[in-house]
Amino acid sequence: MLERSFGVAARRRRTLDALVRHVAEASVEAICRLVQERVEAMGPCETRGYVRARAAREIRQQTRLAFSQQPGVDPSWELLVVVRSTERVVPLAMRQLAAVRQNCEMPQRRAA
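To keep things clear, this report deals only with the structure shown in the data block. (Residues numbered from 1 in each chain as written. Predicted model: local features only at pLDDT ≥ 70, side-chain atom pairs only at ≥ 80, totals over all residues. Heavy atoms only, no water.)

1. As for the overall build of the chain
Quick reminder of the rule: Numbering goes from the N terminus for both helices and strands, where a helix is a DSSP run of H or I of at least four residues and a strand is a run of E of at least two. For every residue, the accessible area obtained with a 1.4 Å probe (protein chains only) is divided by the maximum for its type, and the residue is called buried under 20%, exposed over 50%, and partly exposed between those limits. In what follows, a contact means two residues having at least one pair of non-hydrogen atoms within 4.5 Å. In these tables, accessible area is a Shrake-Rupley quantity obtained with a 1.4 Å probe, and a residue counts as shielded only by the protein chains included in the view.
Check the secondary structure of the chain and you find three helices and zero strands. Out of the 112 residues in the chain, the part that is buried amounts to 31%. Taking the contacts inside the chain whose residues are at least 6 apart along the sequence as the reference set, 76% of them involve residues at least 24 apart. With the model as given, the accessible surface of the chain reaches about 8200 Å², and the carbon-plus-sulfur share is 52%.

Okay, here's the thing in structure tokens:
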């Protein structure tokens, strides 16, 4: 009986982690487009907070979409998925924004 409850808990955790990963990856492009111009002059801490604040709407939309596409997912997980996805998408967006910023700052090389 105890082994069965651990199996169920592990399956739920994997499902929850997969949802969080899916929502974060589905949201990162839109979030980067949304904040890209504003964060150019910001430092890392300010950028992190700004991305987190602006990501909320997109994360909620992607969470609702993911829940509608996966019947049988516990609806009470929605807030947990939103919170965890927000925490996961911020570093993803920061890396992507830094890569874009670095590519823009690289000097163009000319052929001789």
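2. Points about the side chain of Ser27
In this structure, Ser27 sits in helix H1 (residues 2–35). Residues in contact with Ser27, not counting those within four places in the same chain, are Glu58, Ile59, Gln62 and Val89.

3. Description of the nonpolar core
One recurring pattern in soluble globular proteins is that nonpolar side chains are buried together. Where we set the bar: By convention a nonpolar core is built from buried Ala, Val, Leu, Ile, Met, Phe, Trp, Tyr and Cys residues, the set being connected through side-chain atoms within 4.5 Å.
Of all hydrophobic cores here, the largest spans 26 residues; its most connected members are Leu19, Val51, Ile59, Trp77, Val81 and Val89. Sorting the residues of this core by element identifies H1, helix H2 (44–69) and helix H3 (78–105) as the ones contributing at least two each. Tallying contributions element by element places H1 first for this core, with nine residues. Residues within four places of Trp77 in sequence aside, it is in contact with Arg12, Thr15, Leu16, Leu19 and Phe67.

4. With respect to the pattern of salt bridges
Between side chains of opposite charge, pairing is possible as soon as their charged atoms come close. Test applied: Should a side-chain nitrogen of Lys or Arg be within 4 Å of a carboxyl oxygen of Asp or Glu, the pair is scored as a salt bridge.
The final tally for this structure, using the stated rule, is three salt bridges. The salt bridge partner of Asp17 is Arg84, with a shortest N-O separation of 4.0 Å. Here Asp17 is found in helix H1, whereas its partner Arg84 is found in helix H3, with 67 residues between them in sequence. By relative accessible area, Arg84 is classed as partly exposed at 38%.

5. What about the environment of Ser76?
Worth spelling out the cut-off: For the purposes of these results, a polar contact is taken to be a pair of N or O atoms within 3.5 Å, where, inside protein, one atom must be able to donate a hydrogen and its partner to accept one; residues adjacent in sequence count only when each atom of the pair is a side-chain atom.
Assignment of secondary structure puts Ser76 in the loop between H2 and H3. At a separation of 3.0 Å, a polar atom in the side chain of Ser76 contacts the side chain of Asp74.

6. Description of a positive patch on the surface
Short version of the rule: Surface patches are drawn from residues lacking salt bridges whose relative accessible area is over 30%; two like charges belong together within 9 Å, two nonpolar side chains (Val, Leu, Ile, Met, Phe, Trp, Tyr) within 5 Å. Asp and Glu count as negative and Lys and Arg as positive, but His and the ends of the chain are not part of the count. Each charge is placed at NZ for Lys, CZ for Arg, CG for Asp and CD for Glu.
Together, Arg11, Arg12, Arg13 and Arg14 make up a region of like positive charge exposed at the surface. Along the chain, the position of Arg14 falls in helix H1. Residue classification places Arg14 among the exposed residues on the basis of a relative accessible area of 54%.

7. Structural notes on the environment of Glu37
For Glu37, the location among the structural elements is in the loop between H1 and H2. Residue classification places Glu37 among the exposed residues on the basis of a relative accessible area of 71%. Taking C-alpha positions, Glu37 is 9.9 Å from Leu97, a pair spaced 60 residues apart along the chain.

8. Quick look at the side chain of Ser85
In this structure, Ser85 sits in helix H3. Excluding anything up to four places from it in sequence, Ser85 contacts Val20, Val23, Ala24 and Ile59.

9. Description of H2
Residues spaced three or four apart along an α-helix face the same direction, because each turn holds 3.6 residues. Using the following cut-off: Each residue after the first adds 1.5 Å to the expected span of a helix. Fitting axes to the seven residues ending at a residue and to the seven starting there, one defines the bend at that residue as the angle between these axes.
Taking 1.5 Å of rise per residue, 26 residues should cover 38 Å, and H2 covers 35 Å from first to last C-alpha, within 8% of that figure. The largest bend in H2 is about 40°, located at Ala56.

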